[in-house]
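Chain by chain, the residues:
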Amino acid sequence: MRLVRGENGWWCIGRSATALLPDRLVRGGDLTAEGREQVAGAGLDAVPEPDHYSLTVVTSTGCNLGCSYCFQNTPDGRRRIAPARLDARTVARCVEFTEKKMAELGVRRLELLLFGGEPLLNPAGCLQVLRAFGARMPVTASMISNGVLLTPRTAARLHEAGLGHLQVTLDGERDRHDRTRVTRGGRPTFDLILANVASAQRHTGLRFTVRVNVTPDVLPHLGTLLDQAAAVLDVPRTSLAIAPVLDYGAGVPAPDARAAEQAVQACARAAELGFRLVRPRDDHCDFCSETDGRLGAVVAPDGTLFSCWDAVGEDHLAVGELDSGYSSRSRARWRRCGGELPRTQAFSDALDAGVLDVIRARKEVTRP
């Protein structure tokens with residue numbers, strides 16, 4: 001459960017629901033006795049019974065971009081994941097492993113995420129995963145991609161195979177984006193990404209989230225970015241998420257709580273334009289919150305298991321493999337996502353509260 005300060009009280013972001021609490025229920029950033037009683041009575045932080053299993057499959061560890069801050073593949077070689085691609089044999093192993101875990105958990109539905117590197121460097125692998133799981137169980141399928149390789153034909157085939165949602169990333173308005181999120185040959189990608197998303201929106205039922213990676217120098221120009229994106233995209237079918245760039249050794253400065261004011265203003269502008277805002281979540285992660293992988297797993301192309309997407313490719317953080325399951329050393333190697341959260345906590349809390357304030361205000365304005 002998280003408590004973040006909003007305009008008119010404290011937002012309580014729990015496992016089951018989010019609610020605005022009056023000031024009298026919070027003291028010093030913690031719930032009072034009355035607050036704990038009311039939160040418990042409302043079931044805001046109740047742990048729901050699992051209704052799905054979560055699986056992240058890395059279809060390719062390679063990437064066609066050279067983003068300077070990437071936690072996996074950096075242009076100067078500080079960190080480089082060994083190149084690997086998912087094949088049909090490993091897909092079959094994934095299905096067998098997942099069916100066993102789902103039977104143990106007592107669920108039938110799978111939430112599937114295709115990840116990389118860049119997953120679309122292996123489109124055949126993506127299609128194999130979607131089709132293999134779709135033939136065996138109910139699946140809700142998403143992908144995180146840079147969007148550069150999302151041609152109209154690829155988008156159509158992915159959607160037909162069962163992909164429902166795709167997240168792409170922008171690094172600010174056009175000029176700033178094209179200085180950081182470039183191909184390995186140095187070519188810009190801003191217009192290509194937006195054009196690919198817009199084409200997929202016209203010709204498929206894919207839903208999209210645009211994640212904006214922000215640093216302090218990006219924040220003042222978010223309004224320009226929104227106008228540029230709105231001129232191309234089907235805005236009502238596009239969600240927007242703003243997140244700080246984490247520092248994996250590249251010296252990326254962290255935005256603070258004051259910078260969050262600029263991000264919140266951008267969220268308000270996005271809502272006016274018709275973008276959907278991604279609601280903040282609690283700190284629970286299906287993949288890494290429990291150190292036995294009970295609720296979810298992350299699988300590398302060779303079948304190695306990792307605790308979270310943040311650890312993929314780091315051999316010393318491998319926690320098992322598909323055929324034998326989690327190893328006896330998994331607990332010592334378990335890494336949770338959000339390891340840099342304390343560095344960006346003030347920004348994240350202020351932004352999340354602001355997003356919830358904007359959503360609440362918009363609902364009040366549009367209520368009949």
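Worth saying up front: this structure is predicted, and the values here are computed from it rather than measured. (Residues numbered from 1 in each chain as written. Predicted model: local features only at pLDDT ≥ 70, side-chain atom pairs only at ≥ 80, totals over all residues. Heavy atoms only, no water.)

Draft legend 1. How the structure looks around the pairing of strand β1 (residues 2-6). Taking burial as the measure, the five residues of β1 include four buried ones, the bulk of the element. As paired elements, β1 and strand β2 (residues 9-13) share five bridges and run antiparallel to each other. Residue pairing for β2: Val4 is matched across the bridge by Trp11. With antiparallel pairing between neighbouring strands as the criterion, β1 and β2 make up a hairpin whose turn holds two residues. (Buried < 20%, exposed > 50% of the residue type's maximum accessible area, 1.4 Å probe, protein only. Helix = DSSP H or I, 4+ residues; strand = E, 2+ residues; numbered from the N terminus. Pairing = 2+ DSSP bridges.)

Draft legend 2. How the structure looks around the sheet that holds strand β15 (residues 318-321). With mixed pairing, the eleven strands of this open sheet are ordered in space as β12-β11-β10-β9-β8-β7-β6-β13-β14-β15-β16. Each edge of the sheet is formed by a strand with only one pairing partner; in this case those strands are β12 (276-277) and β16 (325-326). As paired strands, β15 and β16 are joined by two bridges and run antiparallel to one another. Looking at the pairing, Glu321 lines up with Gly325 of β16. Each of β6 (53-58), β7 (110-115), β13 (296-299), β14 (304-306), β15 and β16 touches helix α2 (residues 88-105); the most contacted strand, β6, lies at about 160° to it. (Contact = heavy atoms within 4.5 Å. Axes fitted to C-alpha atoms, helices over the stretch in contact; angles between N-to-C directions.)

Draft legend 3. Region of the structure containing the packing of helix α7 (residues 222-230) against helix α8 (residues 257-273). One way to put it is that α7 packs onto α8 with a least axis distance of 9 Å and a crossing angle of 25°. It follows that α7 is roughly parallel to α8 by the angle criterion. The two elements α7 and α8 cross, and the hand of that crossing is right-handed. For the pair α7 and α8, contact is made by Leu222, Leu226, Asp227 and Ala230 and by Ala263, Ala266, Arg269, Ala270 and Leu273, respectively. Residues of the contact of α7 with α8, tallied by class, amount to seven nonpolar, no polar and two charged. (Parallel < 35°, antiparallel > 145°, perpendicular 65-115°, else oblique. Left-handed = near helix turned anticlockwise from the far one by under 90°. Nonpolar A, V, L, I, M, F, W, Y, C, P; charged D, E, K, R; others polar.)

Draft legend 4. Highlighting the pairing of β13. Of the two faces of β13, both are covered, the one formed by Gly296 and Val298 as well as the one formed by Ala297 and Val299. As judged from the four bridges shared by β6 and β13, these two strands associate in the parallel manner. Residue pairing in the sheet places Thr56 in a bridge with Val298 of β13. Of the pairings in the sheet, the one linking β13 to β14 comprises two bridges and is antiparallel in character. Within the sheet, the bridge partner assigned to Val299 lies in β14 and is Leu305.

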